[in-house]
Amino acid sequence: GQLAEAPAEPPDTPPVARAAALSGAPTLDGDVLSDPVWRGVRPTTGFWQVRPFEGRPASQRTEVYLGYTDEALYIGVVCYDDNPAGIIVADSRRDSPLDETDSFQVIIDAFRDRQNGFVFGTNPAGIEYDGQVTKEGTAQFGSGGGGFNLNWDTTWRVETAITGIGWIAEMEIPFRSLRYGNGDGPQTWGINFQRNIRRNNEIAFWSPLSRQHSIYRVSDAGTVEGLAVPAQRNLKLVPYVLGRANRGGELSGTEYDEEVGADIKYSLTPSLTLDLTWNTDFAQVEADELVVNLDRFSVFFPEKRPFFLENAGQFAVGTPEQLELFFSRRIGITASGAPQPIEGGARVSGKIGERTNVGLLHMRTEAVDGSTPSNDYSVARINQELPNRSALGAIYVERDGGDTAGEDRKNLTYAVDGRLGIGDDGLVTGFLAKTETPGMRGDDHAFSLIGQYNSERWSNSLG
């Protein structure tokens, strides 16, 4: 089982795998071959290099077992290696980069729209690496953390083991952690797998890709058939209670201070998610990485607050870190950089039908010591996906700070944007935007038009 695939040419059409209904949940211990639940499941194999030798079979055999229960999708991976001592592990932190380590990744396009997907990955140390891909990751969106949003996290598990035949991984991805269509009967999803063998600088894919592409290239992914997914109505409630009592010093008695709030996530449909927040507390959010800023420009920190992360890339229109029509980090912070309490908000994001992405958001922040008035933020976004990586969309953003001392503190932003795929290698993207601010006239519009051509031999951009 450790032999490399026999030399052959990559297939002309994307490969097809089939998921098996499992008799029960596998034991997640990194032992796929001995687990009776996996017996009878035919593995998927046949990986093709893009580096270092494009178009050749992978130097080591990889077998992927696909199965499911009523609750979760299971992926068992056997990464054969004729030199297990040469396996390289570079990091064991969650979401650590997988480039400098032996690793395995899977991208799941559950809507089969060939533009968006979820990535799950691991290495022999068993790290959890997950993120959300928007528009094949071709545009870097500031407020969404990137065309690939690594700050998006969900609930799933993975266990790995290094053995005498290589290394093995078992993934459990609950269906409630994914978003997919409402169709009856077994579904067909887009899927692709990537294996890195670090000591060889080797990158290999199950569905062959050209060397200018990454696993985010959903339009060239293979497919997995036979998934009998459950209809679901997910509800996730995260409440919090904070209390404080002060006594002594200049206080005549004991002063009490308490805070109560909650975050709610609910699946209106398997493909449309409602997020609610009240008296929001973001104390559990991962801290920003320290940046030393020696110029006069603001530093753009990626959004890490869970409320804003799902489908964040769909809300992003503009030029990253230069002109971002909606940057969610502005909500809950004053002009001077001080925190501003958030009273609450609602957010709906996801898909209606097969190719229409929608996003609605409304939030209200509290006034701060009379220096910063309360603000209402509203965002409406629609994006229609078209064939061959193309799309057409519009966005409307409103910030309403009320009427303070006769001054109208209201600002409007609206724009249309689109992208046009030309053949396999060409892409044209652009947007046209305008703002309205009381007391300001002129210089209130912006536009962008960029053409790209990326083939195996050429990488060209004109904008």
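This report concerns the structure included in the present document. Note that the structure is predicted; figures quoted are calculated from it, not measured. (Residues numbered from 1 in each chain as written. Predicted model: local features only at pLDDT ≥ 70, side-chain atom pairs only at ≥ 80, totals over all residues. Heavy atoms only, no water.)

### Overview of the overall build of the chain
Each helix and strand in the chain was counted, giving one helix and 27 strands. Taking 463 residues into account, the globule formula puts the C-alpha radius of gyration at 23 Å, and the chain, at 24 Å, falls close to it. In terms of overall dimensions, the chain has a C-alpha envelope of 80 × 60 × 50 Å along the principal axes. Here the chain, with 463 residues, has 48% of them falling under the buried criterion. Positive and negative side-chain charges of the chain, numbering 42 and 64 respectively, have mean locations separated by a distance of 3 Å. (Helix = DSSP H or I, 4+ residues; strand = E, 2+ residues; numbered from the N terminus. Rg over C-alpha atoms; globule rule 2.2 N^0.38 Å. Buried < 20%, exposed > 50% of the residue type's maximum accessible area, 1.4 Å probe, protein only. Lys, Arg positive; Asp, Glu negative; His and termini not counted. Charge placed at Lys NZ, Arg CZ, Asp CG, Glu CD.)

### Comments concerning the layout of surface pockets
The space that makes up the second largest pocket amounts to roughly 1400 Å³. Every residue lining the second largest pocket is counted, 48 residues in all, and those nearest its centre are Asn151, Trp152, Asp153, Pro306 and Leu309. The set of elements that each furnish at least two residues to the lining of the second largest pocket consists of β15 (235-247), β16 (254-269), β17 (272-278) and α1 (306-309). For the lining of the second largest pocket, the element with the most residues is β16, which contributes seven residues. Looking at the lining of the second largest pocket residue by residue, the classes come out as 23 nonpolar, ten polar and 15 charged. (1 Å grid on protein atoms, 1.4 Å probe; cavity = no way out; pocket = protein on both sides within 12 Å on 5 of 7 lines; lining within 4 Å. Points joined across faces, edges and corners; volume = space filled by probe spheres on them. Nonpolar A, V, L, I, M, F, W, Y, C, P; charged D, E, K, R; others polar.)

### A few points about the pairing of strand β4 (residues 62-68)
Across the seven residues of β4, seven count as buried, placing the element largely inside the fold. Residues of β4 alternate between two faces, with Thr62, Val64, Leu66 and Tyr68 on one and Glu63, Tyr65 and Gly67 on the opposite face, all of them buried. Bridge count between strand β2 (residues 20-21) and β4: two bridges; the pairing is parallel. If you follow alanine 20 over to β4, its bridge partner there is glycine 67. The loop that links β4 with its antiparallel partner strand β5 (residues 72-80) comprises three residues. (Pairing = 2+ DSSP bridges.)

### Considering the sheet that holds β2
Pairing within the open sheet is mixed, and its five strands lie in the order β2-β4-β5-β11-β10. What marks the edges here is a single partner per strand, and that holds for β2 and β10 (157-163). Two strands pair when backbone bridges link them, and β5 and strand β11 (residues 166-174) are joined in this way by nine bridges, in the antiparallel orientation. Within β11, the residue paired with valine 78 across the bridge is isoleucine 168.

### A short note on a nonpolar patch on the surface
Side chains of Val241, Val260 and Trp278 sit close together on the surface and give an oily, nonpolar patch of about 330 Å² of accessible area. Following the sequence through the fold, tryptophan 278 ends up in strand β17. (Patch = residues over 30% accessible without salt bridge, like charges linked within 9 Å, V, L, I, M, F, W, Y side chains within 5 Å. Areas by Shrake-Rupley, 256 points an atom, 1.4 Å probe, with all protein chains shown as cover. Salt bridge = Lys/Arg side-chain N within 4 Å of Asp/Glu carboxyl O.)

### Description of empty space enclosed by the protein
Applying the stated criterion to the full structure yields four cavities of 30 Å³ or more. Roughly 180 Å³ of volume is contained in the largest cavity. Considering the residues around the largest cavity, the lining is formed by 19 residues, among which Phe111, Asn116, Phe118, Gln132 and Asn311 are closest to the centre. Those elements that provide at least two residues to the lining of the largest cavity are β6 (103-109), β7 (117-122), β8 (129-133) and β20 (342-352). Looking at side-chain class alone, the lining of the largest cavity contains five nonpolar, nine polar and five charged residues.

### So, the nonpolar core
If you look at the biggest cluster of nonpolar residues, it comprises 36 residues, and the most contacted ones within it are Leu66, Ile75, Phe104, Val106, Phe120, Trp189 and Phe193. Among the secondary structure elements, those contributing two or more residues to this core are β4, β5, β6, β7, β11, β12 (187-197) and β14 (222-227). Those residues in contact with phenylalanine 104 that lie beyond four places of it in its chain are Phe47, Val64, Val77, Leu98, Phe120, Gly121, Thr122, Trp167, Met171, Phe193 and Gln194. Membership of the second largest hydrophobic core comes to 18 residues, among which are Leu325, Met363, Tyr377 and Val397. (Core = buried A, V, L, I, M, F, W, Y, C linked by side-chain atoms within 4.5 Å. Contact = heavy atoms within 4.5 Å.)

### Examining the environment of arginine 389
Examined against the element boundaries, arginine 389 turns out to sit in the loop between β22 (375-386) and β23 (390-404). Remark: the alpha-carbon pair of arginine 389 and glutamine 115, spanning 274 residues in sequence, is separated by 6.3 Å. Beyond its immediate sequence surroundings of up to four residues, arginine 389 is in contact with Gln115, Glu136, Arg217, Ser219, Arg419, Gly421, Ile422, Gly423, Asp424, Asp425, Gly426 and Leu427.

### Description of unusual backbone geometry
At the junction of arginine 51 and proline 52, the peptide bond is cis and its omega measures out at 0 degrees in the coordinates. Mapped onto the elements, proline 52 comes out in the loop between β3 (48-51) and β4. Backbone geometry at glutamate 136 places phi at a positive 60 degrees, although glycine is not the residue there. Looking at the element boundaries, glutamate 136 is found in the loop between β8 and β9 (148-149). The exposure class assigned to glutamate 136 is buried, which follows from its relative accessible area of 5%. The phi dihedral of asparagine 388 falls on the positive side, at around 55 degrees, and the residue is not glycine.

### Things to note about the pattern of salt bridges
Close approach of charged atoms allows side chains of opposite charge to pair. The tally for this structure, following the rule as stated, stands at 26 salt bridges. Across the salt bridge formed by arginine 18 and glutamate 225, the nearest N and O atoms sit 3.8 Å from each other. Residue arginine 18 is located in strand β1 (residues 16-18), and its partner glutamate 225 is located in strand β14; the two are separated by 207 residues in the primary sequence. Through salt bridges with shared partners, a single ionic network connects Arg179, Lys265, Asp275, Glu310 and Arg347.

### As for the packing of aromatic side chains
What characterises a pair of aromatic rings is the spacing of the ring centres plus the angle enclosed by the ring planes. Per the stated rule, a full pass over the model turns up 14 aromatic pairs. Ring centres of phenylalanine 120 and tryptophan 156 lie 5.2 Å apart, and the angle between their planes is 75 degrees; on these two criteria the pair is classed as edge-to-face. You can see phenylalanine 120 sitting in strand β7 and its partner tryptophan 156 sitting in the loop between β9 and β10, a full 36 residues away along the chain. Measuring from centroid to centroid gives 5.1 Å for phenylalanine 307 and phenylalanine 308, while their planes differ by 85 degrees, and the two rings are edge-to-face. Here the aromatic residues Phe118, Phe120, Trp152 and Trp156 are joined through ring pairs into a cluster of three or more. Geometry around phenylalanine 53 places arginine 56 over its ring, the cationic atom sitting 4.2 Å from the centre. Here lysine 351 stacks its cationic end above the ring of phenylalanine 111, 5.2 Å away from the centre of that ring. (Phe/Tyr/Trp six-rings, centres within 6.5 Å; stacked < 30°, edge-to-face > 60°. Lys NZ or Arg CZ within 6 Å of the ring centre and 35° of its normal.)

Such coordinate-based values are descriptive only and should not be taken to indicate function.
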